[in-house]
Amino acid sequence: MISESLVDLSRLQFAITALYHFLFVPLTLGLSFILAIMESAFVMTGKQVYQDMVKFWGKLFGINFALGVTTGLTMEFQFGTNWAYYSHYVGDIFGAPLAIEGLMAFFLESTFIGLFFFGWDRLTRVQHLMVTWLVAIGSNMSALWILIANGWMQNPVGAEFNYETMRMEMTDFAEVIFNPVAQVKFVHTVSAGYVTGAMFVLAISAYYMLKKRDLPFARRSFAIAASFGFASIISVIILGDESGYEIGDVQKTKLAAIEAEWHTQEPPADFTLIGFPNQETMETDYAVKIPGALGLIATRSVDEEIVGIKDLLKEHELRIRRGIEAYALLEKMRHGDKSDPTVAAFDALKDDLGYGLLLKKYTNNVVDATEEQIKQAAQDTIPKVAPMFWAFRLMVGLGFLMLILISLSFYYSTQHNVETKTWLLKALIISLPAPWIACEVGWFVAEFGRQPWSIAEVLPTHLSVSTRSVEDLYMSLAGFIGFYTLLLIVEMYLMIRFARLGPSSLHTGRYHFEQNHGAGAAIAQPQQAVADQA
Amino acid sequence: MDYESLKLIWWVLIGVLLIGFAVTDGFDMGVGALLRVLGKTDSERRVMLNTIGPHWDGNQVWFITAGGAIFAAWPVVYAVAFSGFYWALLLVLFALFFRPVGFEYRSKMEDPRWRSAWDWGLTIGGAVPALVFGVAFGNLFLGVPFTLDEFMRSTYTGSFWALLNPFALVAGLVSLGMLAMHGATYLQMRTDGDLHERARKISILLAIIVAVLFATAGIWIYAGIDGLVITSTINTAAAMTPLDKTVDVAAGGWLENYSRYPLMISAPVIAFTGLLITVLMSAANRGALAFIGSSLAVTGIICTAGFSLFPFIMPSSLDPSFSLTVWDVVSSQKTLGIMFWVAMFFVPIILLYTTWGYYKMRGRLTTAFIEDNKYSTY
């Protein structure tokens with residue numbers, strides 16, 4: 001049997017490398033569009049300050065992008081290195097969006113990013129503008145394809161098990177692409193990226209305003225980020241992906257866990273605003289409820305019910321029992337009995353094969369599972385409720401915090417008096433980590449809530465791992481953590497340094513630290529920074 | 001399209017992606033490997049980095065896409081090879097990590113220690129992957145210690161150190177030498193002055209070394225390494241797994257294809273011709289032609305390896321019957337068909353805009369240019 005520590009370490013390594021990668025992705029998604037908007041303003045108005053904005057924010061974009069590329073490399077290969085059985089079992093479907101991502105998106109983004117940085121003197125203004133837009137479109141396309149892949153893990157449509165090749169095979173590519181879970185996830189995720197980009201520009205521009213430096217530059221950057229961010233935060237919240245949680249069994253379980261919905265309620269279900277979920281008693285202690293709200297949010301209706309955890313458990317136990325039969329038939333077929341009745345019997349049960357495979361955690365032979373093991377496997381299908389409940393509320397809370405901040409920024413920016421609202425500027429700077437925390441927590445909810453499955457209802461996580469030793473995993477995990485930490489320190493160092501320097505880092509002679517401010521004692525330290533860099 | 005043709009087409013397409021990677025990102029890795037060898041001053045090193053500055057990222061996508069395409073078209077290879085060659089692949093990835101950050105961060109600070117540290121990083125990022133790719137290919141000829149169980153779960157029993165055997169190291173040096181040569185010929189086109197002279201000389205030297213090593217590897221295979229042959233009858237047009245056939249060891253098996261399909265001999269011929277062109281054109285100071293020669297050599301060498309192994313992709317040394325072949329590692333007919341059309345649509349578009357990018361950034365870079373643009377270049 002597969003060692004549990006191997007499974008846990010493989011999961012930990014994937015979680016760490018993926019969450020780390022996603023520190024850089026949202027900023028790329030959002031800032032690339034902000035750059036494209038700024039450059040459009042430059043091409044339309046011909047004002048130098050807009051070009052300086054593209055170049056300066058582009059510099060920060062580049063510092064972030066480099067680590068996005070670095071950590072992205074790992075993601076393309078880690079399914080093979082650490083999730084070999086998964087790769088074999090679903091590669092026929094899952095590999096396709098990854099390959100298309102490369103062909104359609106990565107090539108576009110990566111080819112034009114070079115021209116974005118180095119093409120200023122080689123391209124006409126319109127050509128360069130086109131290049132910038134293509135970078136933005138390319139990075140967003142890559143999000144589309146990876147979320148189609150991820151959406152398929154949550155809700156595996158358009159595929160069927162083939163017992164001869166022992167794997168899932170594609171039956172309908174269009175279903176995979178137009179998977180509703182993937183579509184909802186895509187919109188939600190890229191909008192979250194746009195909010196991240198907007199918060200980044202807002203906070204750093206707010207810093208210049210507080211320092212009373214490069215005001216025309218900061219004001220314009222602020223205005224663009226505020227309007228872009230306003231549209232985006234509305235989209236994140238309204239198109240929040242809870243609407244994707246009613247599709248498919250695992251998504252339903254996830255929804256029940258997020259909302260600590262232990263019992264199926266009469267529709268429309270009450271919404272538990274806050275409380276302490278208790279997995280033992282299957283109750284939420286000290287729950288504060290809003291009548292009817294959950295039904296409205298999650299089903300967009302008043303008469304559809306949201307299945308509670310207790311009912312899901314019963315259903316899953318039944319499916320595990322059917323899965324055992326499916327597994328017995330599969331073994332029969334693998335050992336040569338391919339007669340029509342056997343195949344037909346298997347076909348009738350094969351949707352539950354995955355539930356049978358859950359038992360592999362307890363007994364290699366599946367068919368000899370004891371009652372206790374079956375109960376245990378059914379329990380496994382419910383993720384830990386408390387972390388899901390709290391993580392989701394943290395994400396939503398941060399979302400509403402950003403909604404308030406960005407709305408105010410947008411409002412005062414249209415009133416041309418944002419510079420006088422120092423409390424808002426300070427709040428923006430303090431809230432800079434908010435979008436990153438919200439993004440990471442959001443991924444935690446989506447993927448932790450998918451457990452015990454790597455492919456919902458099809459393939460359990462513990463079967464998906466590569467056969468490597470626990471020592472291999474300790475060593476590679478240490479390597480990733482060490483290397484990534486080092487790179488993060490370097491990245492943060494450069495990012496903070498250049499953000500503080502501001503547009504003066506372009507060395508155009510037009511900005512704060514390059515001009516003689518007479519007795520500018522307060523800026524002695526950043527001046528040193530200019531000198532270092534020169 | 002029928003399944004058998006699709007299987008063959010995908011063998012060709014994966015080959016095209018690998019060759020695309022070696023011919024484009026190959027020179028980036030070569031420039032990286034030679035950074036500290038050819039670049040004597042900081043400005044010279046910056047010239048070298050900026051010749052590939054606008055292009056390396058796009059070029060690297062050939063590697064990423066090859067990974068994705070192997071996942072989509074050869075899921076069994078993706079699973080067995082990448083989990084088996086775990087440490088070799090992680091070594092490649094860790095070395096490649098130095099490149100995006102190295103290019104982007106190196107010249108953002110003036111401190112010579114900072115720059116020197118990143119230069120080492122970029123050297124590792126160029127040389128180590130080039131070496132490891134060759135070592136991995138070398139091991140394919142010797143067989144890799146893996147088995148498959150009845151549910152297609154693979155287990156690899158070798159260690160990382162076992163990969164570093166003499167034959168595989170020769171293959172690794174062929175790969176490192178060839179990509180370094182390729183980088184040097186690229187620098188001949190894109191630089192001038194002393195740097196250009198040094199690139200020219202080292203191109204000649206490296207082309208000769210690669211020719212000797214490549215010939216050595218060929219003779220070694222002829223004299224000392226057994227090949228494989230499929231001994232059961234298989235239906236190449238049907239869905240099958242690597243468990244559905246039997247394979248035996250046969251002396252000289254890796255050279256069988258050249259008598260069975262005489263046209264395949266063109267691959268080594270192109271390789272040696274390309275190396276000869278590289279030497280002659282570098283000597284004649286015709287950088288662009290030397291680069292074309294070098295590209296031919298890279299293509300010829302990779303094709304030689306692929307043709308010799310055909311239809312095998314990854315032989316098993318524990319039980320040859322488990323060996324992965326082009327017939328039994330593929331995705332379903334449907335997926336192969338869809339992905340074929342996707343590739344047919346996008347690859348020409350990619351080639352088009354990539355070419356436009358090179359065209360726009362053409363010309364030689366000088367140290368004077370770097371000093372005039374020190375804040376906006378790598």
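What comes next concerns the included structure. Everything quoted here is computed from the prediction, not taken from an experiment.

Thoughts on the overall build of chain B
Then step 1. Summing up its helical and strand segments, chain B has 14 helices and 6 strands in all.
Then step 2. Over its C-alpha atoms chain B spans a radius of gyration of 21 Å, differing by no more than 12% from the 21 Å that the globule rule assigns to 378 residues.
Then step 3. The C-alpha extent of chain B, read off along each of the three principal axes, is 65 × 40 × 40 Å.
Then step 4. By residue count, 62% of the 378 residues in chain B fall in the buried class.
Then step 5. Taken as a whole, chain B presents about 13,600 Å² of accessible surface, with 70% of it coming from carbon and sulfur.
Then step 6. Taking the average place of the 23 positive charges on the side chains of chain B and the average place of its 24 negative ones, the gap between the two points comes to 10 Å.

Comments concerning the interface of chain A and chain B
Then step 1. Contact with chain A, which involves 89 residues of that partner, is made by 75 residues of chain B.
Then step 2. Interface area, chain A with chain B, both sides summed: about 7,300 Å², of which 70% is carbon and sulfur.
Then step 3. Of all residues in chain A, A:F77, A:F107 and A:F118 bury the most surface against chain B, accounting for 11% of the area lost on that side.
Then step 4. The tally of links between chain A and chain B comes to 25 residue pairs in polar contact (both at pLDDT 80 or more).
Then step 5. Counting only elements with at least two residues in the side of chain A that touches chain B, the list comes to α3 (48-82), α4 (84-118), α5 (125-154), β2 (167-170), α11 (309-334), α19 (470-501) and α20 (524-533) of chain A.
Then step 6. Tallying contributions element by element places α4(A) first for the side of chain A that touches chain B, with 26 residues.
Then step 7. The residue makeup of the side of chain A that touches chain B, split by class, is 46 nonpolar, 27 polar and 16 charged.

Structural notes on the environment of A:A206
Residue and element names in this part refer to chain A.
Then step 1. Turning to its location among the elements, A206 is positioned in helix α7 (residues 180-210).
Then step 2. For A206, a relative accessible area of 0% gives the class buried.
Then step 3. Apart from residues lying up to four places away in sequence, A206 is in contact with F222, L425, L428 and I429.

So, the nonpolar core
What tends to happen in soluble globular proteins is that the nonpolar side chains get buried as a cluster.
Then step 1. Counting 305 residues, the largest nonpolar core has A:W57, A:Y89 and B:W74 as its most contacted members.
Then step 2. In terms of residue count, the dominant contributor to this core is α4(A) (20 residues).
Then step 3. In this view, A:Y89 contacts A:F161, A:M166, A:R167, A:M168, A:L353, A:L357, A:V458 and A:L459; residues no more than four positions away in its chain are not counted.

As for the packing of aromatic side chains
Then step 1. Tallying each qualifying case throughout the model produces 73 aromatic pairs over all chains.
Then step 2. When the ring of A:F116 is compared with that of A:F117, the centres are 5.1 Å apart and the planes differ by 75°; the resulting orientation is edge-to-face.
Then step 3. A:F117 sits in the partly exposed class, given a relative accessible area of 22%.
Then step 4. On the numbers, 6.3 Å between centres and 75° between planes, the contact of B:F310 with B:W327 is edge-to-face. In this pair, B:F310 is assigned in the loop between α12 (287-309) and β5 (312-314) and B:W327 in the loop between β6 (324-325) and α13 (333-360), connecting sequence segments 17 residues apart.
Then step 5. An aromatic cluster is built from A:F14, A:F77, A:F79, A:Y86, A:F94, B:F21, B:F63, B:F71, B:Y78, B:F82 and B:F133, whose rings are joined through pairwise contacts.

Digging into a nonpolar patch on the surface
Then step 1. Taken together, the side chains of A:L273, A:I274, A:F276, A:Y286, A:V288, A:I290 and A:W390 define a hydrophobic patch exposed on the protein surface, amounting to about 690 Å² of accessible area.
Then step 2. By the secondary structure assignment, A:L273 is in strand β3 (residues 271-278).

Observations concerning the side chain of B:S331
Then step 1. As for its position among the elements, B:S331 is in the loop between β6 and α13.
Then step 2. Contact partners of B:S331, with chain neighbours within four places excluded, come to A:D92, A:R167, B:Y3, B:A72, B:A73, B:P75 and B:L336.

Re the pattern of salt bridges
All names here are of chain B.
Then step 1. Per the stated rule, a full pass over the model turns up 30 salt bridges over all chains.
Then step 2. The shortest N-O distance in the salt bridge between R115 and D42 comes to 2.7 Å. Remark: D42 occurs in helix α3 (residues 42-52) and R115 occurs in helix α7 (residues 112-142); sequence separation between them is 73 residues.
Then step 3. Of the residues examined, D42 reaches a relative accessible area of 32% and is grouped as partly exposed.
Then step 4. A salt bridge links R115 to E110, with the nearest nitrogen and oxygen atoms 3.5 Å apart.
Then step 5. Given the relative accessible area of 7%, R115 is considered buried.
Then step 6. Here the residues in one salt-bridge network are D42, R45, R106, E110, R115 and D119, joined through shared partners.

Some thoughts on the pairing of strand β1 (residues 159-162) of chain A
Residues and elements named next belong to chain A.
Then step 1. Across 4 bridges, β1 lies against β2 in antiparallel orientation. In the sheet register, N162 faces β2, and the bridge partner there is R167.
Then step 2. Connecting β1 to the next strand, β2, in antiparallel fashion are 4 residues, including M166 with a positive phi near 60°.

Definitions and cut-offs
- Residues numbered from 1 in each chain as written.
- Chains lettered and ligands numbered in written order.
- Predicted model: local features only at pLDDT ≥ 70, side-chain atom pairs only at ≥ 80, totals over all residues.
- Heavy atoms only, no water.
- Helix = DSSP H or I, 4+ residues; strand = E, 2+ residues; numbered from the N terminus.
- Rg over C-alpha atoms; globule rule 2.2 N^0.38 Å.
- Buried < 20%, exposed > 50% of the residue type's maximum accessible area, 1.4 Å probe, protein only.
- Areas by Shrake-Rupley, 256 points an atom, 1.4 Å probe, with all protein chains shown as cover.
- Lys, Arg positive; Asp, Glu negative; His and termini not counted.
- Charge placed at Lys NZ, Arg CZ, Asp CG, Glu CD.
- Contact = heavy atoms within 4.5 Å.
- Buried area = accessible area lost by both parts, 1.4 Å probe.
- Polar contact = N/O pair within 3.5 Å; in protein donor to acceptor, adjacent residues only side chain to side chain.
- Nonpolar A, V, L, I, M, F, W, Y, C, P; charged D, E, K, R; others polar.
- Core = buried A, V, L, I, M, F, W, Y, C linked by side-chain atoms within 4.5 Å.
- Phe/Tyr/Trp six-rings, centres within 6.5 Å; stacked < 30°, edge-to-face > 60°.
- Patch = residues over 30% accessible without salt bridge, like charges linked within 9 Å, V, L, I, M, F, W, Y side chains within 5 Å.
- Salt bridge = Lys/Arg side-chain N within 4 Å of Asp/Glu carboxyl O.
- Pairing = 2+ DSSP bridges.

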